[in-house]
Amino acid sequence: RFIMENGAKGCEVVISGKLRAQRAKAMKFRDGYLISTGEPKKHYIDEAVRHVLMRQGVLGIKVKIMLAHDPEGRMGPKIQLPDNVIVQEPKEDVPVMQPAAEEQGYGGGAGGGDYGA
């Protein structure tokens with residue numbers, strides 16, 4: 001929760017090992033948007049792994065945080081995501097003017113064609 005409140009786009013925490021029992025388990029906690037493959041992963045994902053020594057055994061904790069885009073590059077990467085789509089407002093349509101009845105071009109009835117004679 002604190003990670004998401006501080007401006008991250010997404011996070012994942014994985015805790016694995018002996019959790020309250022003799023058999024080992026792995027628990028995943030995810031929140032938000034998290035990419036897992038490709039070139040943007042190198043720029044947007046911060047990862048950390050720690051091992052905690054307990055009486056019953058060793059717990060492993062992995063944390064992945066996806067940073068938000070920052071144009072200045074202080075709180076996140078400068079590079080924008082390649083799948084980021086920006087939808088812009090449509091332009092105002094200018095009404096198309098219809099030509100006057102006398103100025104009709106092809107097949108308007110007025111003008112020299114030898115069609116039936």
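Quick caveat: nothing in here was measured; it's all calculated off a predicted structure. (Residues numbered from 1 in each chain as written. Predicted model: local features only at pLDDT ≥ 70, side-chain atom pairs only at ≥ 80, totals over all residues. Heavy atoms only, no water.)

Student: Lay out the pairing of strand β2 (residues 24-32) with the relevant residues and their values.
Tutor: Burial analysis of β2 places just zero of its nine residues in the buried class, which makes it a mostly uncovered element. Two elements, strand β1 (residues 10-18) and β2, share nine bridges in a ladder whose sense is antiparallel. By the bridge assignment, Glu 12 is partnered in β2 with Arg 30. Here β1 folds back onto β2, and the loop between the two strands holds five residues, one of which, Arg 20, carries a positive phi near 60°. (Buried < 20%, exposed > 50% of the residue type's maximum accessible area, 1.4 Å probe, protein only. Helix = DSSP H or I, 4+ residues; strand = E, 2+ residues; numbered from the N terminus. Pairing = 2+ DSSP bridges.)

Student: Quick rundown of the sheet that holds strand β3 (residues 45-53)? Include the residues and the values.
Tutor: Spatially, four strands are ordered β2-β1-β4-β3 in an open sheet, and the strand pairing comes out antiparallel. Strand pairing shows two members of the sheet lacking a second neighbour, β2 and β3, which therefore form its edges. Sheet twist, expressed as the mean angle between neighbouring strand axes with direction ignored, is 10°. (Axes fitted to C-alpha atoms, helices over the stretch in contact; angles between N-to-C directions.)

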